[in-house]
Amino acid sequence: MESVGIDTNPVACAIASAKLVHTTPEKIIELCKMILKSKKKPEDTPIGEFWDLCYHPSTLHQVCKLREYFFR
């Protein structure tokens with residue numbers, strides 16, 4: 001069944017777009033591995049005591065790298 005939807009709410013649009021993606025957990029894992037293997041460093045890594053206490057430095061680096069890739 002075909003349908004058309006219009007929404008001005010960016011969150012609703014993002015959710016609708018995500019529902020239309022056909023992927024598998026394996027594809028997602030492979031993409032994340034590819035992103036993390038790249039030499040590109042994250043542009044914005046938070047600093048401060050909070051971040052030091054919450055994340056191991058390499059984990060924070062990986063989270064920021066993935067975040068930047070997916071939010072571009």
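A quick note: this is a predicted structure, and the numbers were derived from the prediction, not measured.

Draft legend 1. Expanded view of the overall build of the chain. Summing up its helical and strand segments, the chain has 4 helices and 0 strands in all. Start at the N end of the chain and walk to the C end: the helices and strands fall as α-α-α-α. Scaling as 2.2 N^0.38, a compact globule of 72 residues should have a C-alpha radius of gyration of about 11 Å, whereas the chain reaches 16 Å, well beyond that. Along the longest, intermediate and shortest principal axes, the C-alpha atoms of the chain span 50 × 30 × 20 Å. The buried share among the 72 residues of the chain stands at 10%. At a minimum sequence separation of 6, the contacts of the chain that also span at least 24 residues come to 58%.

Draft legend 2. Layout of the packing of aromatic side chains. Going through the model one piece at a time under the given rule, you end up with 3 aromatic pairs. Taking 4.9 Å as the distance between ring centres and 85° as the angle between the ring planes, the aromatic pair formed by phenylalanine 50 and tryptophan 51 counts as edge-to-face. Judged by relative accessible area, tryptophan 51 falls into the partly exposed class, the value being 28%. Geometrically, the ring pair formed by tyrosine 69 and phenylalanine 70 is edge-to-face, given 5.2 Å between the ring centres and 85° between the ring planes. Among the aromatic residues, those joined into a ring-pair cluster are Phe50, Trp51 and Tyr55. The ring of tyrosine 69 carries arginine 72 above its face, with NZ or CZ at 4.1 Å from the centroid.

Draft legend 3. The arrangement of the confidence of the model for the chain in detail. Summing up the model confidence of the chain, the mean pLDDT is 91 and the portion of residues at 70 or higher is 100%. Across the chain, the secondary-structure element scoring lowest on mean pLDDT is helix H1 (residues 10–19), at 85, and the one scoring highest is helix H3 (residues 49–54), at 97.

Thresholds, definitions, all that
- Residues numbered from 1 in each chain as written.
- Predicted model: local features only at pLDDT ≥ 70, side-chain atom pairs only at ≥ 80, totals over all residues.
- Heavy atoms only, no water.
- Helix = DSSP H or I, 4+ residues; strand = E, 2+ residues; numbered from the N terminus.
- Rg over C-alpha atoms; globule rule 2.2 N^0.38 Å.
- Buried < 20%, exposed > 50% of the residue type's maximum accessible area, 1.4 Å probe, protein only.
- Contact = heavy atoms within 4.5 Å.
- Phe/Tyr/Trp six-rings, centres within 6.5 Å; stacked < 30°, edge-to-face > 60°.
- Lys NZ or Arg CZ within 6 Å of the ring centre and 35° of its normal.
- pLDDT = per-residue confidence, 0-100.

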